[in-house]
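Structural features, examined
Spelled out from the first residue to the last, the chains are:
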Amino acid sequence: MSRFIPLALTAILVTACSSVGGEGFGYGGYTLVRAQQRSVGDGSMIVTPPREWNRQSSVWAIDDIRQVEDWTLNGPYLDSMSFVTGLKGGRYIIRQSKRTAQQVPKFRSDMTAPEIAAMLESFYRVKAGAIDFKTTGLSPRQFMGYPGFQFDFDHLDTDEVWRRGRAVGAVIDTRLYLVLLDGARAHYYAAALPDLEAVVNSARLKR
Amino acid sequence: MSVLVSRRGLLAGGGAIAAAALGTGIAVARILPGAMQPLIGPGYKPTDRDEIGLWQQMERVEEEIAGSNLLIKDPGLNDYLRDLIGNVGGPAAKDMRIYLARIPEFNAVMFPTGFAVVFSGLLLRMRNEAQLAGVIAHESAHFLRKHQIRQWRDVRRKTDLLAIAAMGAGVAGGAAGVYTGDLARLAQLGTILTMLRYNRSLEAEADAMGVRLLADAGYAPMEMSRTWEQLIGELDASAKYRRKKRDRGYSLFSTHPAPEARMADLKLSASEVTIAGRSYEDHRARYLRAIGAIRPTLLDDQVKLNDPGASQYIIDTLAQDGWNGLLRFYEAEVWRLRNRAGDDARAAQGYAVAVQYADAPADAWRWHGIMLQKAGRRAEAKYAFAHYLSVAPDAPDAPFIRQQLQFL
Amino acid sequence: MRRLIIAATCAAALSACVQTKQYADVQFAPPEGEYKLLVMRPDVSVGSVTTGGLVEPRADWTEQSRANLLAALKAQQASRGGNVLILEKRDGLATMGVNSDTVAELERLHYAVGASIALHRYSGAYLPTKRRKGLDWTLGQQAVDLGRRTGYDYALFLHAEDSFASTGRVALQVLGAAGCIVGFCAPNIGGGGQFAYASLVDLRTGEVVWFNVLQAGTQIAGISMGDIRKPEGAAQMVDRLLNRMKPGREVQRAMKASGQ
């Protein structure tokens with residue numbers, strides 16, 4: 001979901017003509033997620049990823065929402081897994097200025113699954129550059145032992161790439177919990193889907 | 001409208017130039033439609049070296065745009081647009097091409113070789129065929145008056161473009177490459193060819209000639225100035241909702257009459273080209289038939305951006321020609337997404353109104369059901385959900401709705 | 001759902017150096033002999049930097065640069081032997097049963113993959129799971145299908161961006177925020193200077209097996225770093241990108257071990 005990373009390659013030029021790239025150093029944009037149980041987001045959800053993933057660090061993020069955490073395998077242009085944990089009603093899944101003309105709607109505790117799906121759709125259209133968005137499925141699904149939903153969708157973005165996504169979530173005690181996978185329809189989504197299923201099935205609430 | 005600057009950017013540019021004009025006391029006189037003759041005829045091909053070079057490059061741009069998957073390829077709609085440009089394209093009508101892009105912005109772009117790209121946001125906002133034809137006529141006028149090459153030559157004189165030497169017949173016709181994403185950058189950056197930004201007098205020429213082409217083809221020429229009114233109204237409504245002034249560049253509008261001056265000029269020109277006794281049409285019915293199938297998608301694309309001021313304005317404008325189930329539904333959607341205090345009640349009422357119309361979309365029944373369910377009106381919710389499933393049994397969310405029915 | 005902004009810690013870099021760095025799959029051995037290579041349509045974008053720091057694409061510069069790069073590619077490949085097809089239009093493979101939509105889909109996917117490699121290998125946004133793996137990206141089954149139907153062994157993709165200050169003013173290095181308002185952001189779209197990459201895809205597996213990035217320094221007035229709008233500049237870029245292909249880590253080790 002946080003695919004859109006403005007960056008300047010001038011960062012390389014800091015070191016003038018000395019070694020460019022290199023595996024040892026980096027400014028810590030991503031940290032390693034090991035294939036073992038861990039808590040995500042604000043700590044209220046525990047998941048077990050079936051293999052190593054990369055977690056987007058919050059050090060450099062400017063629109064950090066504590067309840068949201070993003071992972072990727074191959075980079076956000078190709079795949080990303082996002083967690084929403086314990087988001088209260090009246091809050092947003094991203095930071096945005098109140099003055100922007102187009103805005104992502106806020107989450108409300110009394111939202112039904114179609115309303116949450118609509119909120120995510122607006123996120124994709126407003127923030128993530130989706131030109132065409134198709135819901136391909138919305139069905140009930142248990143999540144962490146609570147009645148929830150599974151939301152499947154496809155979207156065509158301004159870079160002309162079709163991407164596919166699946167979100168599994170539930171509103172538990174007025175808060176939103178969600179795991180979302182989004183990836184390029186060619187190869188990458190399908191390659192990461194087993195991971196999403198494993199993570200969703202392993203997810204537990206930390207009380 | 002220039003090749004690149006969106007209507008919004010154009011208004012900004014117009015405002016700035018007008019401010020400067022007012023400052024120095026020089027006003028741009030209205031260009032008379034009668035004075036506007038086309039500078040090219042049917043089957044036009046360039047003979048000047050620099051223009052040939054420009055054309056070769058534009059052929060490549062057209063090739064890339066034609067290959068973009070952001071285009072709307074519906075044959076009926078594309079035929080309709082082709083017919084329109086055939087009506088108002090003047091002598092070059094048969095030579096021009098038109099592409100429709102799925103981008104929810106109010107914009108249309110004419111390239112120097114006679115192909116135009118119309119954004120779906122434009123199609124949404126036009127009330128009738130005359131308004132759409134007016135925009136296309138304005139764009140065609142840029143082509144017919146050779147504005148692009150004239151402006152390009154003007155800019156060349158003034159700047160130190162390094163690449164001049166290679167321009168011309170020497171550019172390899174087989175140059176190939178990929179323009180992925182540039183179609184959308186058209187909307188964002190508003191430019192693909194910076195040297196083709198038009199100055200105010202070229203825009204005035206396009207207005208004058210456009211209104212004449214429009215009238216000659218039998219369309220009501222006054223409709224051209226109305227599209228300006230509508231855009232300004234929308235920008236105002238959007239900014240007002242977010243409690244701010246119109247975007248940077250538009251603050252000039254509050255004190256300088258530039259867009260109003262253009263509107264005034266257009267009204268004058270429109271009355272000039274009107275021949276007494278002749279009937280002029282807006283062909284609204286024909287237009288609605290042509291875009292009928294895609295209108296829900298256009299409204300959807302706009303409303304889901306959650307810009308309530310703009311979306312409400314657009315819906316109200318379209319509703320001046322009559323409310324229907326589709327418009328009432330999307331009005332309710334605006335309120336649902338807007339979600340200020342009391343909006344959930346407003347939206348609920350909106351859906352209840354929408355479903356009374358025969359043309360209410362299936363989605364209206366689903367949302368109606370959800371609102372009823374939340375209000376505890378179970379029997380009515382059950383009816384609404386059942387109706388939804390009967391008109392859309394293969395809807396993607398049918399499994400979810402079926403489960404809801406079990407609880408009711 | 002967050003945006004990662006990578007600060008340019010050295011904005012107006014005065015160093016005008018050119019750097020290239022190759023990455024290869026650990027098992028990669030540069031192709032030689034009778035290999036069939038498909039050179040995909042080069043993805044070129046050249047723009048002018050406005051005072052606000054936006055890069056506005058310029059069709060004239062872009063087309064010129066494309067023509068130059070193509071000519072340079074043809075020349076470069078001619079000297080290496082092997083069967084080469086340089087794809088100039090999307091329907092160039094139609095006689096082999098591959099239509100332009102298929103080519104377009106692959107181009108689009110590669111754009112995303114290439115941008116990812118550039119971002120996560122070269123720009124500091126390293127992915128810990130890719131440590132010590134050389135190059136770990138693929139174009140998947142689509143690329144394999146293309147290889148089967150056309151009989152080509154490798155596909156070469158080329159991406160080049162460049163921008164120039166429009167009126168001779170110094171181009172300020174800016175965060176690549178231009179163009180990233182809503183939608184697609186690619187490395188260096190907003191920055192000044194030259195950025196190019198070449199990637200080699202093994203069509204038998206679909207994997208990207210070799211990748212090279214060329215980054216030239218800031219466009220300072222008067223200093224012209226291989227201006228690809230001119231034929232010499234394009235030839236220079238092609239040479240830097242393609243001419244010194246090194247084998248992957250394991251192959252290098254094996255070569256050292258056998259005393260080469």
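The text that follows walks through the structure, step by step, so that each part is easy to find. (Residues numbered from 1 in each chain as written. Chains lettered and ligands numbered in written order. Predicted model: local features only at pLDDT ≥ 70, side-chain atom pairs only at ≥ 80, totals over all residues. Heavy atoms only, no water.)

With that out of the way, let us pick up the overall build of chain C. For chain C, the helix and strand inventory stands at five helices and eight strands. Order of helices (α) and strands (β) in chain C, N terminus to C terminus: β-β-β-β-α-β-α-α-β-β-β-α-α. Per-residue burial over chain C gives 62% buried out of 260 residues. For chain C, restricting intrachain contacts to residue pairs at least 6 apart in sequence, the fraction spanning at least 24 positions comes to 77%. (Helix = DSSP H or I, 4+ residues; strand = E, 2+ residues; numbered from the N terminus. Buried < 20%, exposed > 50% of the residue type's maximum accessible area, 1.4 Å probe, protein only. Contact = heavy atoms within 4.5 Å.)

What follows covers the interface of chain A and chain B. Chain A puts 35 residues into the contact, and the matching count from chain B is 33 residues. In total, about 2,900 Å² of surface goes out of reach between chain A and chain B, with carbon and sulfur atoms giving 53% of it. Between K374(B) and D110(A) there is a salt bridge, and its shortest N-O distance comes to 3.9 Å. Our enumeration of links across chain A and chain B arrives at 18 residue pairs in polar contact (both at pLDDT 80 or more). Those elements that place two or more of their residues in the side of chain A that touches chain B are α2 (113-126), β7 (130-143) and β8 (146-157) of chain A. Taken together, the residues of the side of chain A that touches chain B sort by class into 13 nonpolar, 10 polar and 12 charged. (Buried area = accessible area lost by both parts, 1.4 Å probe. Salt bridge = Lys/Arg side-chain N within 4 Å of Asp/Glu carboxyl O. Polar contact = N/O pair within 3.5 Å; in protein donor to acceptor, adjacent residues only side chain to side chain. Nonpolar A, V, L, I, M, F, W, Y, C, P; charged D, E, K, R; others polar.)

Among the structural elements, E250(C) can be located in helix α5 (residues 249-257). Along the primary structure E250(C) and A29(C) are separated by 221 residues, whereas in three dimensions their C-alpha atoms are 9.4 Å apart.

Residue and element names in this part refer to chain B. Where helix α17 (residues 362-374) meets helix α18 (residues 378-391), the axes come as close as 8 Å, and the angle between the chain directions of the two elements is 160 degrees. One element, α17, and the other, α18, form an angle in the roughly antiparallel class. Crossing angle aside, the handedness with which α17 passes α18 is left-handed. Contact residues: A362, D363, W365, R366, H368, G369, I370, L372 and Q373 in α17; E380, A381, Y383, A384, F385, H387, Y388 and V391 in α18. In terms of residue class, the contact of α17 with α18 is made up of 10 nonpolar, four polar and three charged. (Axes fitted to C-alpha atoms, helices over the stretch in contact; angles between N-to-C directions. Parallel < 35°, antiparallel > 145°, perpendicular 65-115°, else oblique. Left-handed = near helix turned anticlockwise from the far one by under 90°.)

All names here are of chain A. The backbone of E160 shows a phi angle near 70 degrees, a positive value even though the residue is not glycine. Tracing the backbone through its elements, the reader meets E160 in the loop between β8 and β9 (162-172). A positive phi angle is found at D173, which is not glycine, with a value near 50 degrees. Its place among the elements puts D173 in the loop between β9 and β10 (175-184). What makes D173 exposed here is its relative accessible area of 56%.

A word on the nonpolar core. As a rule of thumb, nonpolar side chains are buried together in soluble globular proteins. Within the largest apolar cluster, 122 residues are counted, with the highest numbers of intra-cluster contacts made by I93(A), Y124(A), F151(A), L122(B), L123(B), L132(B) and I136(B). Grouped together as the second largest cluster of nonpolar side chains are 41 residues, Y77(A), M40(C), Y197(C) and V213(C) included. (Core = buried A, V, L, I, M, F, W, Y, C linked by side-chain atoms within 4.5 Å.)

Next up on the list: helix α8 (residues 200-216) of chain B. Spanning 17 residues, α8(B) covers 24 Å between terminal C-alpha atoms, matching the ideal 24 Å at 1.5 Å per step. With 14 of 17 residues buried, α8(B) lies mostly within the body of the structure. (Expected span 1.5 Å × (residues − 1).)

A separate point is a positive patch on the surface. On the surface, R131(C), R132(C), R253(C) and K256(C) cluster together to form a positively charged patch. Inspection of the secondary structure puts K256(C) in helix α5. (Patch = residues over 30% accessible without salt bridge, like charges linked within 9 Å, V, L, I, M, F, W, Y side chains within 5 Å. Areas by Shrake-Rupley, 256 points an atom, 1.4 Å probe, with all protein chains shown as cover. Lys, Arg positive; Asp, Glu negative; His and termini not counted. Charge placed at Lys NZ, Arg CZ, Asp CG, Glu CD.)

Applying the stated criterion across every chain, the model contains 50 salt bridges over all chains. Note that R108(A) is salt-bridged to E115(A), the shortest N-O span being 2.9 Å. A salt bridge links D157(A) to R163(A), with the nearest nitrogen and oxygen atoms 2.8 Å apart. The residues D157(A) and R163(A) share a single accessibility class, namely buried. One connected set of salt bridges, linked through shared partners, spans E121(A), R125(A), D132(A), K134(A), R102(B), D300(B), D301(B) and K304(B).

Residues and elements named next belong to chain A. Within the open sheet, the eight strands sit side by side as β1-β4-β5-β6-β10-β9-β8-β7. Their pairing is antiparallel. The strands lining the two open edges of the sheet, one partner per strand, are β1 (30-33) and β7. Within the sheet, the average angular offset between the axes of one strand and its neighbour, ignoring direction, is 20 degrees. As judged from the 12 bridges shared by β7 and β8, these two strands associate in the antiparallel manner. Paired with F133 across the two strands is H155, which belongs to β8. Set on the sheet, α2 makes contact with β7, β8, β9 and β10; between it and β7 the angle comes to about 150 degrees. (Pairing = 2+ DSSP bridges.)

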